[in-house]
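Geometric and topological summary
What follows is each chain in one-letter form.
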Amino acid sequence: EIASRVQGGVLADGINSFISALFGSPPNTTFSQNNGLIALTKCASRSAGFSCAFWLILFGVVAPIGAAFASIPICVVGGVVLLAWGSVFVSGLSLCTRDFSRRNQYILTVACSIGLAVAMEGQGISYP
């Protein structure tokens, strides 16, 4: 079953890139991190995606809620996003292995997130 889904995803990606090339746009790709999210949350329901989209649109349209989110410092947002996407990356990576415990996933998540943070914002650890 998973092989047919991967095959369908690759086919859709190829058709999408072909159509975009016909219109003069550069090739594009699908969002593969969704595989990691599904492995992490064990939820692949379309209704969950539509519910999430509804709440995100509502948060963006209702000004007080948007202002509350906009008031969060960018360093906090960056740290949360970095750890979240590190977790999604490791969760997707765990699909390729068999014996990958939750402890090992967490250790690899923190290590990848710290490594990516240093690569992105190297001046934060530079010596004066």
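Just so it is clear, the model here is predicted, and its values are computed rather than measured.

Here is what the cut-offs are and how they apply
Residues numbered from 1 in each chain as written. Predicted model: local features only at pLDDT ≥ 70, side-chain atom pairs only at ≥ 80, totals over all residues. Heavy atoms only, no water. Helix = DSSP H or I, 4+ residues; strand = E, 2+ residues; numbered from the N terminus. Buried < 20%, exposed > 50% of the residue type's maximum accessible area, 1.4 Å probe, protein only. Contact = heavy atoms within 4.5 Å. Areas by Shrake-Rupley, 256 points an atom, 1.4 Å probe, with all protein chains shown as cover. Axes fitted to C-alpha atoms, helices over the stretch in contact; angles between N-to-C directions. Parallel < 35°, antiparallel > 145°, perpendicular 65-115°, else oblique. Left-handed = near helix turned anticlockwise from the far one by under 90°. Nonpolar A, V, L, I, M, F, W, Y, C, P; charged D, E, K, R; others polar. pLDDT = per-residue confidence, 0-100. Phe/Tyr/Trp six-rings, centres within 6.5 Å; stacked < 30°, edge-to-face > 60°.

With that settled, consider the overall build of the chain. Within the chain, the regular secondary structure consists of six helices and zero strands. Along the chain, helices and strands appear, N-terminal first, in the series α-α-α-α-α-α. Across the 128 residues of the chain, 11% fall into the buried class. When contacts within the chain are restricted to residue pairs at least 6 apart in sequence, those whose partners lie at least 24 apart make up 43%. If you sum the accessible surface of the chain, you get close to 10200 Å²; carbon and sulfur atoms cover 71% of it.

Moving on: the environment of Trp-85. By the secondary structure assignment, Trp-85 is in helix α5 (residues 74-93). Since its relative accessible area comes to 43%, Trp-85 is described here as partly exposed. For the pair Trp-85 and Leu-37, spaced 48 residues apart in sequence, the C-alpha separation works out to 9.3 Å.

What follows covers the packing of α5 against helix α6 (residues 102-120). At their nearest, the axes of α5 and α6 sit 8 Å apart, and the two run at 130° to each other. If you check the angle between α5 and α6, you find them oblique. Of the two possible hands of crossing, α5 and α6 adopt the one that is right-handed. Between α5 and α6, the residues in contact are Leu-82, Leu-83, Gly-86, Ser-87, Phe-89, Val-90 and Leu-93 and Gln-105, Leu-108, Thr-109, Cys-112, Ser-113, Leu-116, Ala-117 and Met-120, respectively. Per-class residue counts for the contact of α5 with α6 are ten nonpolar, five polar and no charged.

Taken over all residues, the pLDDT of the chain has a mean of 80, while the share at 70 or more is 88%. Per-element mean pLDDT across the chain ranges from 72 in helix α2 (residues 33-41) up to 89 in helix α3 (residues 46-61).

Further remarks concern the packing of aromatic side chains. The geometry of an aromatic ring pair is captured by the separation of the ring centres together with the interplanar angle, meaning the angle of the planes. Scanning the entire structure with this criterion turns up three aromatic pairs. A centroid spacing of 5.5 Å and a plane angle of 70° characterise the contact between Phe-54 and Trp-55, whose relative ring orientation is edge-to-face. The partly exposed category is assigned to Phe-54, whose relative accessible area is 49%. Note on Phe-59 and Phe-69: the rings are 5.4 Å apart at their centroids and 40° apart in plane angle, and the pair reads as tilted. Note that Phe-59 is positioned in helix α3 and Phe-69 in helix α4 (residues 63-70), a separation of ten residues in sequence. Taking relative accessible area as the criterion, Phe-59 reaches 27% and is therefore assigned partly exposed. Under the relative-accessibility criterion, Phe-69 is labelled partly exposed at 46%. Aromatic ring contacts, followed pair by pair, group Phe-54, Trp-55, Phe-59 and Phe-69 into a single cluster.

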